[in-house]
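A structural walkthrough
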Amino acid sequence: MTIAFHVSNALYLISYAVKDILWLRVVAVVANVMTFVAIWAGGGASVASFAWQTVFFVINVARLVQLIVERRPVRLSPELQRLADGAFRHLRPRELLRLVAAGEIRDHEAGERVIATGDRLDTLALVLAGTARVELAGAPAPVQLAHGAFLGELAYLTGKPPAADVVAATALRVVRWPHATLRAYLEANPDTRTAVQAVLAADLATKLRR
Amino acid sequence: MLAVGQPVPAALADAEVLDTGGARHRVATRWADGDVVLVFVRHFACAGCAEHVAALRPRLGELAAIGVGVTIVGSGNPDQLAAFVDREQLARPEVACFTDPTLAAYRASELARSKWGTIGPRALGQLALARLAGFKNGAVEGDHDQQGGTLYVTRAGVLAYYHRAKSLGDRAPLVDVVDCALATRAAEAVGA
C-alpha cells in the first residue's frame with residue numbers, strides 16, 4: 001500500500017509540474033490508477049475516498065479524450081481550405097468546420113435565382129464554389145461574387161428585404177444559415193463571431209466603396 | 001441614461017474636449033463626417049481602461065474600413081493625454097484621443113459616478129484580473145470616481161448604442177459594438 005501510495009502522489013506531483021495540459025491529464029490518470037491500486041492493496045479505504053478518486057478519474061479521462069480529439073489534425077475539403085486560407089484565416093480549421101456544419105450546403109444550377117429582390121430573406125449564404133451575379137436595377141454592370149463572398153448579408157445585417165437579385169452565374173455551391181440559427185451559434189462562439197464580423201466588414205467596406 | 005435611437009443631447013454635442021496640444025474641439029465634430037464610437041475611459045492611468053483600449057486596438061482597422069471612427073475621451077490634462085496616446089500606441093488615423101477635464105462631455109453622456117465601482121469588491125476583482133493580464137494601475141490621471149462608457153453615434157447625431165459602465169473593469173462587449181456598426185453602415189448602404 002505504502003509504495004503504491006507514494007508512487008501515485010509522486011505522479012500527481014509530476015502532473016502539477018508538467019506544462020502541457022495533455023501530459024498533465026495523462027500523468028494524472030496514471031496517478032489515479034495508482035491510487036486505486038493503493039486503496040486495493042491497503043485492504044480498502046473509506047467509501048468516500050474511493051468515490052472521490054472515481055470522480056477525479058472520470059473527469060480526467062473525459063477531458064483527456066476531448067483533448068486528443070481536438071488535437072487531431074483537421075482535414076478540410078478544398079473549398080473549405082480556400083476559406084481557411086482566405087477570408088476565414090483568423091478562424092481555426094475546427095471552428096470553421098463547426099460553423100459550416102451549423103448551416104446547410106445548397107447547390108444551385110447556372111441561371112437559378114438564389115435571391116429575389118424584395119422577397120423576405122431569412123438566410124445568409126456563403127459562396128463555396130462557383131460564381132453568383134448580383135443584378136441591381138440601374139447598375140451599370142452586374143457584380144460577380146465568387147468563393148468566400150456572402151450572399152444576402154445586407155438583409156442579415158439590416159433585417160430589410162434584399163434590394164437586388166442574385167443569380168447563379170455558374171454552377172454554384174453555398175453554405176447557408178437561417179438568421180436565427182447563425183445568431184445563436186455566434187452568440188455561443190465569440191471567436192467565430194469576431195471572425196464572421198471581420199468578413200462581413202470587409203464585404204460591407206467593398207459595397208460602401210462602390 | 002441616454003436613450004438609444006434618440007438624437008444625442010445638445011449638451012454632449014456642444015461639450016468641448018481638448019486634444020494633446022490643449023486645443024478645444026466640440027464633441028459633435030467627431031461625427032460630422034461619419035459614424036463614431038465614443039469611448040469614455042475613467043482616467044488615463046487606469047488598468048481597466050488600458051485593458052479596454054488593448055481589446056479595442058485590433059478592431060480599429062475593421063471599423064475604419066466601414067467608415068466608423070473611434071474617439072477615446074479621458075479626463076486628465078493634455079500632457080497626461082499625450083503620454084496615454086504614446087503609451088497605448090494610439091497615434092494612428094483610425095482613432096482620435098481627447099481629454100475632458102471639465103467632465104462636461106462625461107456628464108452630458110450620463111455615465112456613472114461611483115466610489116463603489118472604483119474600490120468595491122467587483123472593481124477590486126476586475127483590477128486583480130487586469131494586473132494578472134499585465135495592465136498596471138498608475139497614479140490617478142483625471143477623475144477618480146467616474147466610470148467609463150461606450151456610445152455609438154451616427155453621422156446624423158443619433159445614438160445607436162449605449163453602454164454605461166458600472167465599475168472600472170466593466171466595458172461594452174466589442175462584438176456588440178461592431179455588430180451595431182455593421183448594422184448601421186449596412187442600413188446606409190441599402191438606403192434605409
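Here, the structure is the one placed above.
Residues numbered from 1 in each chain as written. Chains lettered and ligands numbered in written order. Predicted model: local features only at pLDDT ≥ 70, side-chain atom pairs only at ≥ 80, totals over all residues.

Describing the interface of chain A and chain B
Chain A puts 17 residues into the contact, and the matching count from chain B is 15 residues. Contributions of two or more residues to the side of chain A that touches chain B are made by helix H6 (153-158) and helix H8 (190-209) of chain A. Grouping the constituent residues of the side of chain A that touches chain B by class yields eleven nonpolar, three polar and three charged. (Contact = placed C-beta atoms within 7 Å. Helix = DSSP H or I, 4+ residues; strand = E, 2+ residues; numbered from the N terminus. Nonpolar A, V, L, I, M, F, W, Y, C, P; charged D, E, K, R; others polar.)

Brief notes about the nonpolar core
Core analysis: the largest hydrophobic core is formed by 95 residues, its most contacted members being A:Val127, A:Ala132, A:Leu151, B:Val37, B:Val177, B:Ala181 and B:Leu182. With near-sequence residues (within four places) excluded, A:Val127 lies in contact with A:Ala132, A:Leu145, A:Ala146, A:His147, A:Gly148, A:Ala149, A:Leu151, A:Leu172 and A:Val174. Membership of the second largest hydrophobic core comes to six residues, among which are A:Leu11, A:Ala28, A:Ala31 and A:Met34. (Core = buried A, V, L, I, M, F, W, Y, C linked by C-beta atoms within 7 Å. Buried ≥ 20, exposed ≤ 12 C-beta atoms within 10 Å, placed from the backbone.)

Quick look at the sheet that holds strand S3 (residues 123-129) of chain A
Residues and elements named next belong to chain A. Overall, antiparallel pairing links the four strands, which are arranged S1-S8-S3-S6 in an open sheet. The open sheet is flanked by strand S1 (104-108) and strand S6 (150-151), the only strands paired with a single partner. Alignment of S3 against S6, held across two bridges, turns out to be antiparallel. Its bridge partner lying in S6, Leu 126 is registered against Phe 150. (Pairing = 2+ DSSP bridges.)

Here's the deal with the packing of helix H4 (residues 78-85) of chain A against helix H5 (residues 93-101) of chain A
All names here are of chain A. Orientation of H4 relative to H5, taken along the N-to-C sense of each, is 120°, at an axis distance of 10 Å. When the axes of H4 and H5 are compared, the pair comes out oblique. Seen from above, H4 lies across H5 with right-handed handedness. The residues of H5 that touch H4, namely those facing Leu 80, Leu 83 and Ala 84, are Pro 93, Leu 96 and Val 100. Split into classes, the residues belonging to the contact of H4 with H5 amount to six nonpolar, no polar and no charged. (Axes fitted to C-alpha atoms, helices over the stretch in contact; angles between N-to-C directions. Parallel < 35°, antiparallel > 145°, perpendicular 65-115°, else oblique. Left-handed = near helix turned anticlockwise from the far one by under 90°.)

Let's talk about helix H7 (residues 121-132) of chain B
Residues three or four positions apart in an α-helix share a direction because the helix packs 3.6 residues into each turn. All names here are of chain B. Over its twelve residues, H7 runs 16 Å from end to end, which matches the ideal 16 Å to within 8%, given 1.5 Å per residue. Those residues of H7 lying buried are Ala 123, Gln 126, Leu 127 and Ala 130. Down the axis of H7, the buried side of the element spans an arc of 105°, and every buried residue falls inside it. Along H7, the residues that are exposed and aim more than 90 degrees away from the buried face are Pro 121, Gly 125, Ala 128 and Leu 132. Buried residues belonging to H7 abut helix H2 (47-56) and helix H6 (116-119). Looking one or two places after H7, you find Gly 134, whose phi comes out positive at around 100°. (Expected span 1.5 Å × (residues − 1). Arc of directions from axis to C-beta.)

With respect to the sheet that holds strand S4 (residues 132-135) of chain A
Residues and elements named next belong to chain A. Read from one edge to the other, the open sheet built from four strands follows the order S2-S7-S4-S5, with strand pairing classed as antiparallel. The outermost strands of the open sheet, each flanked by one partner alone, are strand S2 (113-115) and strand S5 (143-145). Direction aside, neighbouring strands of the sheet carry axes that sit 35° apart on average. One ladder, built from three bridges, connects S4 with S5; its direction is antiparallel.

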